[in-house]
Structures are given as structure tokens and as C-alpha cells.
Amino acid sequence: MARRFRGESHHKVDTKGRVSIPASFRRVLEASDPNWKSGETPELVIVYGDHRRNYLECYTIEAIEEVDAKIDALPRGSMERKMLQRLFHGQSFPTSVDETGRLVLPAKLRQKIDLDKEAFFIAAGDTFQIWKTETYEQEELSATEEWLDELPDDFDPLIFLDQNTNDKQTES
């Protein structure tokens, strides 16, 4: 199983769009890039997507290859395949980490998410997201807090993992 991204952090963005990637994230990128060798920089793909997406989703090479394989399995010419190709192939930016551990985010990507002086990085399993801090706090953090507030005080979200296991056992 591939390594997972974990954690969150804030990093300064300079006027040229350079932003440091958390060191632990760089290790996952290296481990998930089949062409990476010590002394080189790992590659990744930034998917910026459609107008509804207010963040940048950064895929390891292994993760984007998994998405590509699923898109390729769809019937050629189907609307689903065309749209997913547009969202994941067309609206993406292949890049690599520079030798100092930074990403250079083009102006187009920074403008799309209104990124200025600070970027918020948050792990999402085999991807990580880059947000404008204020946008993340307004949209995602508040949605998570609302969801948790609807649950009983003594509720443990880990129970959802057990439900998945029980569903699989029931299907057998």
C-alpha cells in the first residue's frame, strides 16, 4: 500500500508563486513516484478542476495513474469519460518539486483559488490539497464542524469504519 499524506500546515507564498511543501509530504511524493531516484525531485500532478473547486488537489504519480486507469476503463466516447478527461487531464498541471522542496504555482492556478501570501496544505489520503487559508476556514472547516455538531457528544466517528466492515461481511 502506498504511503499516505498526513497533517496540515501553513506556508508563505512568494511573489513568484513559490511555496514550500511540508517535508513529510515530499517523502510521500518521492515514495509514490516510480521514476524518482535519490538526488532527483519527485513529480506530481495538480488538478485545479472546474469552477466549483476552490482548492488545488495534488496527486502523486501513483494516485493520478489510478485515476487515469479508471477513466480509461470507461467506454470511449461516453459523456462520463469525456468529462472526466477534461477535469483530470485538461484541467491539470503536471509539475515537480524543485531542488529546495518548493512548488512553483503558476499565476493561473493562484488566481483560480485567490491565493496570495499564504497557502494552507491539508492531507487527503493519497492526495493533498492547497487552499487559501480563509477559504478553507469558511467552507471546509465550518462544514466539518457543522457535521460534528449534528452528532451526539459521545459519538465516535470511527464507527463509520466498522460499518464498512459490517457491510462487506453482510454481502458475503
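One can find the structure itself at the top, above this paragraph.
Quick notes on the rules
Residues numbered from 1 in each chain as written. Predicted model: local features only at pLDDT ≥ 70, side-chain atom pairs only at ≥ 80, totals over all residues. Heavy atoms only, no water. Core = buried A, V, L, I, M, F, W, Y, C linked by side-chain atoms within 4.5 Å. Buried < 20%, exposed > 50% of the residue type's maximum accessible area, 1.4 Å probe, protein only. Helix = DSSP H or I, 4+ residues; strand = E, 2+ residues; numbered from the N terminus. Contact = heavy atoms within 4.5 Å. Polar contact = N/O pair within 3.5 Å; in protein donor to acceptor, adjacent residues only side chain to side chain. Phe/Tyr/Trp six-rings, centres within 6.5 Å; stacked < 30°, edge-to-face > 60°. Salt bridge = Lys/Arg side-chain N within 4 Å of Asp/Glu carboxyl O. Patch = residues over 30% accessible without salt bridge, like charges linked within 9 Å, V, L, I, M, F, W, Y side chains within 5 Å. Areas by Shrake-Rupley, 256 points an atom, 1.4 Å probe, with all protein chains shown as cover. Lys, Arg positive; Asp, Glu negative; His and termini not counted. Charge placed at Lys NZ, Arg CZ, Asp CG, Glu CD. Axes fitted to C-alpha atoms, helices over the stretch in contact; angles between N-to-C directions. Parallel < 35°, antiparallel > 145°, perpendicular 65-115°, else oblique. Left-handed = near helix turned anticlockwise from the far one by under 90°.

Participant: Honestly, the nonpolar core in this entry has me stumped. Any pointers?
Facilitator: Across soluble globular proteins, nonpolar side chains have a tendency to be buried as a group. Among the nonpolar cores identified, the biggest contains 22 residues, and Phe-128 and Ile-130 are the most heavily contacted of them. Mapped by element, the contributors of at least two residues to this core are helix 1 (23–31), strand 3 (43–47), strand 4 (56–60), strand 7 (118–124) and strand 8 (127–132). Every residue in contact with Phe-128, bar those within four places of it in the chain, is listed here: Phe-5, Ile-21, Phe-25, Leu-29, Leu-44, Leu-56, Glu-57, Cys-58, Phe-121, Ile-122 and Ala-123. Core analysis: the next-biggest nonpolar cluster, separate from the first, contains nine residues, Tyr-59, Ile-64, Ile-71 and Phe-88 among them.

Participant: I tried to follow the environment of Arg-102 on my own but got confused; where do I start?
Facilitator: For Arg-102, the location among the structural elements is in strand 6 (residues 102–104). Judged by its relative accessible area of 24%, Arg-102 is partly exposed. Separated by 85 residues in sequence, Arg-102 and Gly-17 place their C-alpha atoms 9.7 Å apart. Of the polar contacts made by the side chain of Arg-102, one reaches the side chain of Thr-100; its length is 2.9 Å.

Participant: I would appreciate a short explanation of the packing of aromatic side chains in the present structure.
Facilitator: Two measures describe an aromatic ring pair: the distance that separates the ring centres and the angle between the ring planes. Tallying each qualifying case throughout the model produces eleven aromatic pairs. Ring plane angle 65° and centroid distance 6.4 Å describe the contact between Phe-25 and Phe-121, whose orientation is recorded as edge-to-face. Residue Phe-25 is located in helix 1, and its partner Phe-121 is located in strand 7; the two are separated by 96 residues in the primary sequence. One exposure class covers both Phe-25 and Phe-121, and it is buried. Considering the side-chain rings of Trp-131 and Tyr-136, the 5.4 Å spacing of their centres and the 75° angle between planes classify their relative orientation as edge-to-face. You'll find Trp-131 and Tyr-136 in the same group, each marked buried. Feature note: the residues Phe-5, Phe-25, Phe-121 and Phe-128 constitute an aromatic cluster, connected by ring pairs.

Participant: Looking at this structure, I do not really get the pattern of salt bridges. What am I missing?
Facilitator: Two side chains that carry opposite charge are able to pair once their charged atoms sit near each other. Tallying each qualifying case throughout the model produces nine salt bridges. Put simply, Glu-57 and Arg-53 hold a salt bridge, and the shortest N to O gap is 3.8 Å. Judged by its relative accessible area of 7%, Glu-57 is buried. In this structure, the salt-bridge partner of Asp-98 is Arg-102, at a minimum N-O distance of 3.3 Å.

Participant: Hey, could you run me through a negative patch on the surface in this one?
Facilitator: Judged by side-chain charge, Glu-145, Glu-146, Asp-149, Glu-150, Asp-153 and Asp-154 come together as a negatively charged surface patch. You can see Asp-153 is positioned in the loop between helix 5 (133–149) and helix 6 (159–171). Judged by relative accessible area, which is 84%, Asp-153 ranks as exposed.

Participant: Which parts of the structure should I look at to understand the packing of helix 2 (residues 61–72) against helix 3 (residues 79–90)?
Facilitator: Two packed helices can be described by the angle between their axes and the distance between those axes. Running from amino to carboxyl end, helix 2 crosses helix 3 at an angle of 160°, the nearest separation of the two axes being 10 Å. Put simply, helix 2 runs roughly antiparallel to helix 3. For the pair helix 2 and helix 3, the crossing hand works out as left-handed. On helix 3, the residues that touch Ile-64, Val-67, Asp-68, Ile-71 and Asp-72 of helix 2 are Arg-81, Leu-84, Gln-85, Phe-88 and His-89.

Participant: Please clarify how the side chain of Arg-110 should be interpreted in this entry.
Facilitator: Tracing the sequence through the fold places Arg-110 in helix 4 (residues 107–112). Notably, Arg-110 is buried but unbridged: the nearest opposite-charge side chain belongs to Asp-14, and the N-O separation is 6.8 Å. Setting aside its immediate chain neighbours within four residues, Arg-110 contacts Val-13, Thr-15, Lys-16, Gly-17, Leu-105 and Leu-115.

Participant: Please clarify how unusual backbone geometry should be interpreted in this entry.
Facilitator: Excluding glycine, residues mostly have negative phi values, and the peptide bonds linking residues are mostly trans. In this model, Asp-114 sits at a positive phi of 60°, which is unusual for a non-glycine residue. Within the secondary structure, Asp-114 is located in the loop between helix 4 and strand 7.

Limitation: the analysis is restricted to geometry and does not speak to function.
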